[in-house]
Amino acid sequence: MSFGPLTLDLRAGHLTRDGQAVSLRSKAFAVLDQLARRPGEVVSKDALMAAVWPDVTVTEDSLTQAIRDIRRVLGPEARDRLRTVARRGYALHPDAAAPAPPKRPRIALLPLQRRSGGTEASDLIDGLIEEITIGLSRFRSLAVIARHSAFAAADEPGLDLPGIGARLGADYVMDGTAHLAGDQLRLSISLNDVATGEVIWAESLTCVGHRLLTLQDLVPRRIVQSLALSAAEGARRQQTSNPTAFAHYARAVSLQRQLTTEQERRAHDYLLAALRLDPDFALAHCLLARAEIALEGFGLSSRAARLRAREHAARAVELAPDEAQCLSMLGFVHCYLEDWQAAETLIRRAIAANPCLSDCLADMAFVCLCRGRPAESLTWLDRAEEINPLKPPAHDVLRSEALFAQGHFDAAARALASLPQLGIRQLVRLAAIHACAGDSEGVRRHLDRAFALDPAWDCVAAAERSYLFEHDRDRQHLLGAIRAALRLYAGDAV
């Protein structure tokens, strides 16, 4: 939503002017949010006060001050943008919507139904679908839904193909069956038009041995040709010709999605096994770089682990210099080594190579956050979530940290609290956010849970070690909030 040079992103919870964050007090932002959700309508003063100050008795002066703050940031055109309607309330009038850019067809590749095989066969087939998804994302005439969102929607009970398409905002959905017997894989797959239910392409493919790995190139090109799009893009990914090495890699991919230390350790072992079979398997080196850091808790990882990660990520780029996933991983590792410019340069190269890979866009959100540019971080995160609408939990963590950096404490708390499981670091961050908002009850509740997990946890020391900041002012902003939470907690305990 635009107001001249100002842009309000209701989903991300931030206001920018020409791409730069605009400072607005939390209650004024909440009033603006309420008005923006009903553009052109008159919203009564009572409704605004009930929504923004639900549990607090305040006078109308508080609302008047919030309106004054909003008009200050809206600038000279404030009178036309934000109108007072006598004895009724206020109405906000944003710019007319700009014409939408040409829409790229959106496609989702669903998990294939298995006709045989156990867990390892399932991981192999899912791994192939992921590689096909990433291969398809190289065609810039398409928007490809991330595997995480496509598989999550397919798991939702009661959704048929049109329902899955609607859930993901997809125009086309690919589904089918897979039969694995020994080293022979038989696929029966079809591409369906969500709006009409028409099958626009269907094919049965049988591959034996190492030829099954050709599917990552063949299927994307068949899909693109069936949609009558240009097939001049989509260079082949750096892959292995060894099916056993690929099976180990696929198993590691499946394990890394489970986000536990034990699963990361097992994934690490599978990746090492893959590299013993094929030392030039670029994507295995790429994932092993992540595993080295993940095994020690990402921000809590040792410098030795980060250097091992850099070695593997650099090897991946050496083997596949144009592969977006490898470039982005090397940039991600450089963040952990606090080599900020190299990190951003590499991730920008990754996005240039494949602008439709949600992991690369999320990595760019991460590096912008580390470098003290939270508004830009949120913009990249929004782009990632266009491709990955049923976002992974890491996106909520990034969003919360960016909102916190901008002073939007209520929105930051909501984003972090939405995680399915909160670890000790997230609980401490939530306590810090509540301290900034002056909510001592929230501080006590979250620190009680944190210290129940580890009574000896040093909140400040762990934060100093584990969070990445290029600028000390950003580090002190977080540490100051944590110290404030601890003071409130100690006072409450007394």
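Everything below is about the structure shown above.
Computed from a predicted structure; not experimentally measured. Here the residue numbering is sequential within each chain, running from 1 through the sequence in written order. This being a predicted model, a pLDDT of at least 70 is required before a residue's local features are given, and a value of 80 or more before pairs of side-chain atoms are given or counted; all residues contribute to the totals for chains, interfaces and linings. Excluding hydrogens and water, the side-chain values take into account all heavy atoms of the structure.

Asks: Which parts of the structure should I look at to understand helix α18 (residues 409-417)?
Replies: Given 3.6 residues to a turn, an α-helix orients residues that are three or four positions apart in the same direction. A simple rule labels every residue: compare its accessible area, found with a 1.4 Å probe on the protein chains alone, to the largest value its type can have, and call it buried under 20%, exposed over 50%, or partly exposed in between. Numbering goes from the N terminus for both helices and strands, where a helix is a DSSP run of H or I of at least four residues and a strand is a run of E of at least two. Where α18 is concerned, the buried positions are Phe409, Ala411, Ala412, Ala413, Ala415 and Leu416. For this analysis, residues touch if any pair of their heavy atoms sits within 4.5 Å. Where the residues of α18 are buried, they touch α17 (393-405) and α19 (424-436).

Asks: Just checking my understanding: could you explain the nonpolar core for this structure?
Replies: In summary, soluble globular proteins display a tendency toward joint burial of nonpolar side chains. Counting residues in hydrophobic clusters, the biggest one holds 139 residues, and the most contacted among them are Ile107, Leu136, Leu168, Met174, Val219, Ile223 and Phe281. The element contributing the most residues to this core is helix α15 (residues 358-370), with 10 residues. Once you skip the residues sitting within four places of it in the chain, Ile223 turns out to touch Ile107, Leu136, Met174, Leu191 and Trp201. Throughout this description, the term nonpolar core refers to a set of buried Ala, Val, Leu, Ile, Met, Phe, Trp, Tyr and Cys residues connected via side-chain atoms within 4.5 Å.

Asks: Can you help me understand the state of the cysteines in this one?
Replies: Cysteine pairs can be linked by a disulfide, which is a covalent bond between their two sulfur atoms. Disulfide: a pair of cysteine sulfur atoms within 2.5 Å of each other. One pass over the full model with this rule turns up 0 disulfides. There is no disulfide at Cys335, and the cysteine sulfur nearest it, in Cys370, is 4.8 Å away. By relative accessible area, Cys335 is classed as buried at 0%. Residue Cys368 stays outside any disulfide, its sulfur separated by 9.3 Å from that of Cys335, the closest cysteine. For Cys368, a relative accessible area of 0% gives the class buried.

Asks: Where do I start with the environment of Thr196 in this structure?
Replies: Mapped onto the secondary structure, Thr196 falls in the loop between β12 (184-193) and β13 (199-208). For the pair Thr196 and Pro162, spaced 34 residues apart in sequence, the C-alpha separation works out to 8.9 Å. Residues adjacent in sequence count toward polar contacts only when both atoms are side-chain atoms; beyond that, a polar contact is any pair of N or O atoms within 3.5 Å, and within protein one must be able to donate a hydrogen and the other to accept it. Looking at Thr196, its side chain comes within polar contact range of the main-chain nitrogen of Glu198, at 3.1 Å.

Asks: Whenever I open this one, the pairing of strand β6 (residues 82-85) confuses me. Can you help?
Replies: Remember that side chains alternate between the two faces of the sheet whenever the strand is regular. Note that β6 and strand β7 (residues 89-92) share 4 bridges and pair antiparallel. What sits directly across from Val85, in β7, is Gly89. When DSSP finds at least two bridges between two strands, those strands are taken to pair.

Asks: Hey, could you run me through the pairing of strand β3 (residues 14-17) in this one?
Replies: Of the pairings in the sheet, the one linking strand β2 (residues 6-9) to β3 comprises 4 bridges and is antiparallel in character. Following the sheet pairing, Thr7 is matched in β3 by Thr16. Bridging between β3 and strand β4 (residues 20-21) involves 2 bridges; their strand directions are antiparallel. Counted as the bridge partner of Thr16 is Ala21 from β4.

Asks: Mind showing me how you'd approach the packing of helix α9 (residues 243-256) against helix α10 (residues 261-277) here?
Replies: Between α9 and α10, the shortest axis-to-axis distance is 8 Å and the interhelical angle comes to 165 degrees. It follows from the interaxial angle that α9 and α10 lie roughly antiparallel. Once α9 is placed against α10, the crossing between them reads as left-handed. Residues Thr244, Ala245, His248, Tyr249, Arg251, Ala252, Leu255 and Gln256 of α9 form the contact with α10, whose participating residues are Gln263, Glu264, Arg266, Ala267, Tyr270, Leu271, Ala273, Ala274 and Leu277. Classes in brief: Ala, Val, Leu, Ile, Met, Phe, Trp, Tyr, Cys and Pro nonpolar; Asp, Glu, Lys and Arg charged; the others, Gly included, polar. For the contact of α9 with α10, the per-class residue count stands at 10 nonpolar, 4 polar and 3 charged. Orientation is described by axes fitted as lines to C-alpha atoms, over the contacting stretch for helices, and by angles from 0 to 180 degrees between their N-to-C directions. Under this scheme an angle from 65 to 115 degrees is roughly perpendicular, one under 35 degrees roughly parallel, and one over 145 degrees roughly antiparallel; angles in between are oblique. Handedness of a helix crossing follows the sense of rotation of the near helix relative to the far helix, less than a right angle counterclockwise being left-handed and clockwise being right-handed.

Asks: How should the sheet that holds β6 be read in this particular structure?
Replies: Neighbouring strands of a sheet are bound in pairs by backbone hydrogen bonds; such pairs are parallel or else antiparallel. Reading across the sheet, the 3 strands line up as β5-β7-β6 and stay open at both edges, with antiparallel pairing between neighbours. Across the chains shown, the open sheet's two edge strands, defined by having one partner strand only, are β5 (42-44) and β6. The average undirected angle you get between the axes of adjacent strands in this sheet is 30 degrees. In this sheet, β7 lies alongside β5 in antiparallel orientation, the contact comprising 3 bridges. Bridge pairing in β7 places Val43 opposite Tyr90.

So far we have only geometry, and geometry alone does not tell us how the molecule works.
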